[in-house]
Amino acid sequence: MADVDEDEVRERLKSALWYSIGKIVDQESLERNRNATPQFIAALTDLVWHQMETIATDLESFSQHAGRTTITTDDVLLLARRNQDLYALIKDGIDKERAKRVKGKGKQRR
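Attention here is on the structure that accompanies the text. In this text, all values refer to a predicted model and were calculated from it rather than measured experimentally.

## Re helix H2 (residues 38-65)
- For H2, spanning 28 residues, the distance from its first C-alpha to its last is 40 Å, which sits close to the expected 40 Å at 1.5 Å a residue.
- Among all positions in H2, only Ile41, Thr45, Trp49, Leu59 and Ser63 are buried.

Take a look at the structure:
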């Protein structure tokens, strides 16, 4: 019974991904005066789905290797280490969030 639920959840997630990618492709197609076929959207969705599975597996592996059961921002940074631009974007976002958190804690103490 759990397999049926997992399969149903997986299919619902894939459908949501297909819908989201379809909306993005439609918007970009309109802006660029191009057409995209449903086959293209399906292929792109499949590509993104497999990439997400690989990323999830890698993040779990990094976390387990560090002896943790929770994925942290350090794992995400480790994943992005080979793409300098992506690494810089993620690092910048993490630093901004940490600064907000520290600033927010400082206000609460007053």
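## Things to note about the environment of glutamine 84
- With respect to the helices, strands and loops of the structure, glutamine 84 is situated in helix H4 (residues 84-108).
- For the pair formed by glutamine 84 and tryptophan 49, sequence separation is 35 residues and the distance between their alpha carbons is 23 Å.

## Quick look at the nonpolar core
- Residues Leu17, Ile21, Val25, Ile41 and Trp49 constitute the largest nonpolar core, which totals five residues.
- Listed by contribution, the elements that provide at least two residues to this core are helix H1 (2-32) and H2.
- With three residues, the single largest contributor to this core is H1.
- Excluding its chain neighbours within four sequence positions, the residues that come into contact with isoleucine 41 are Trp18, Ile21, Gly22, Val25 and Asp26.

Calculation notes
- Residues numbered from 1 in each chain as written.
- Predicted model: local features only at pLDDT ≥ 70, side-chain atom pairs only at ≥ 80, totals over all residues.
- Heavy atoms only, no water.
- Helix = DSSP H or I, 4+ residues; strand = E, 2+ residues; numbered from the N terminus.
- Expected span 1.5 Å × (residues − 1).
- Buried < 20%, exposed > 50% of the residue type's maximum accessible area, 1.4 Å probe, protein only.
- Core = buried A, V, L, I, M, F, W, Y, C linked by side-chain atoms within 4.5 Å.
- Contact = heavy atoms within 4.5 Å.

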